[in-house]
Amino acid sequence: MLEIAVCDDDIADLECAVNMLHKIFTSQKIAYHIEKFMSANQMLENISRIDIGILDISMEELNGIKLGRKLKEKFPDVKLVYITSYEEYCMQVINEVHAFSFLCKPLEYDKLELQILELLNQLPDAIVEKNFYKVTDSNGKEYLSIKLKLRDILYFEYIKDPEKY
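Residues numbered from 1 in each chain as written. Predicted model: local features only at pLDDT ≥ 70, side-chain atom pairs only at ≥ 80, totals over all residues. Heavy atoms only, no water.

Asker: Could you give an account of the packing of helix α1 (residues 11-27) against helix α5 (residues 109-120), naming the residues involved and the relevant values?
Answerer: Between α1 and α5, whose axes approach to 10 Å, the crossing angle comes to 55°. Here α1 lies oblique to α5, going by the angle between them. Regarding α1 and α5, the two cross each other, and that crossing is right-handed. Of α5, the residues touching α1 (which contributes Ala17, Met20, Leu21, Lys23, Ile24, Phe25 and Ser27) are Tyr109, Leu112, Glu113, Ile116 and Leu120. Across the contact of α1 with α5, the residue classes break down as nine nonpolar, one polar and two charged. (Axes fitted to C-alpha atoms, helices over the stretch in contact; angles between N-to-C directions. Helix = DSSP H or I, 4+ residues; strand = E, 2+ residues; numbered from the N terminus. Parallel < 35°, antiparallel > 145°, perpendicular 65-115°, else oblique. Left-handed = near helix turned anticlockwise from the far one by under 90°. Contact = heavy atoms within 4.5 Å. Nonpolar A, V, L, I, M, F, W, Y, C, P; charged D, E, K, R; others polar.)

Encoded structure:
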């Protein structure tokens, strides 16, 4: 499941972004979980895993650029998308924080969707789901086909069928 965190100190912008993300991930049939935060410090204190961060740049206590740096230190593979009303920050977030993309407020659904779909194509294989066939789980339940994320697999055990050999 993709872990997504959205941080914006403006409640209307936060809700708008979260609603758009719900629509995008649901339409793509992608398993996801979204946490929303109105404070950068609250976000840093409460997340233990994150794949995608959607961050406002201009926030009171800790701006989105500093938040992005801290997230990259803690979660080096996180993909960051910045949203702001201030276009002059664009080069700074791309060059300093290596943001995936930068979107101006007010958010437009089509532009956010395009960026999220491009971002999904660049996520590491550990997040991507793979199909496996003829799988038996640890409880003995058999599956003809199952879709799993590589990071959710603890180990594989291959048992030859003695009747075939």
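Asker: An account of the sheet that holds strand β5 (residues 101-104) is requested, with residue identities and associated values reported.
Answerer: Neighbouring strands of a sheet are bound in pairs by backbone hydrogen bonds; such pairs are parallel or else antiparallel. Taken together, the five strands give an open sheet; going across it, the order is β2-β1-β3-β4-β5, and neighbouring strands pair in parallel fashion. Strands at the two margins of the open sheet, each flanked by one partner only, are β2 (32-37) and β5. Taking each pair of neighbouring strands and ignoring which way they run, the sheet shows an average axis angle of 15°. Summarising the sheet, strand β1 (residues 2-7) and strand β3 (residues 52-56) pair through four bridges and their orientation is parallel. When the bridges of β3 are listed, cysteine 7 appears paired with leucine 55. Seen against the sheet, α5 touches β1, β3, β4 (79-84) and β5 and runs at an angle of roughly 170° to β5. (Pairing = 2+ DSSP bridges.)

Asker: Describe the pairing of β4, with residues and values.
Answerer: Of all six residues in β4, five are buried; the element is thus mostly enclosed. Across five bridges, β3 lies against β4 in parallel orientation. Bridged to aspartate 56 within β4 is isoleucine 83. (Buried < 20%, exposed > 50% of the residue type's maximum accessible area, 1.4 Å probe, protein only.)

Asker: Tell me about the side chain of glutamate 3, residues and numbers included.
Answerer: Along the polypeptide, glutamate 3 turns up in strand β1. For glutamate 3, a relative accessible area of 18% translates into the label buried.

Asker: Any details on the nonpolar core? Residues and values, ideally.
Answerer: By size, the foremost hydrophobic cluster in this structure holds 23 residues, and its most contacted members are Ile4, Val6, Leu21, Phe25 and Ile54. Contributions of two or more residues to this core are made by β1, α1, β2, β3, β4 and α5. Ranked by residues supplied to this core, first place goes to α1 with seven residues. Apart from residues lying up to four places away in sequence, isoleucine 54 is in contact with Ile4, Ala5, Val6, Cys7, Leu21, Val81, Ile83 and Ile116. Counting 22 residues, the second-largest nonpolar core is a separate cluster that includes Cys7, Ile50, Leu71 and Val97. (Core = buried A, V, L, I, M, F, W, Y, C linked by side-chain atoms within 4.5 Å.)

By themselves, these observations are geometric and do not establish any function.
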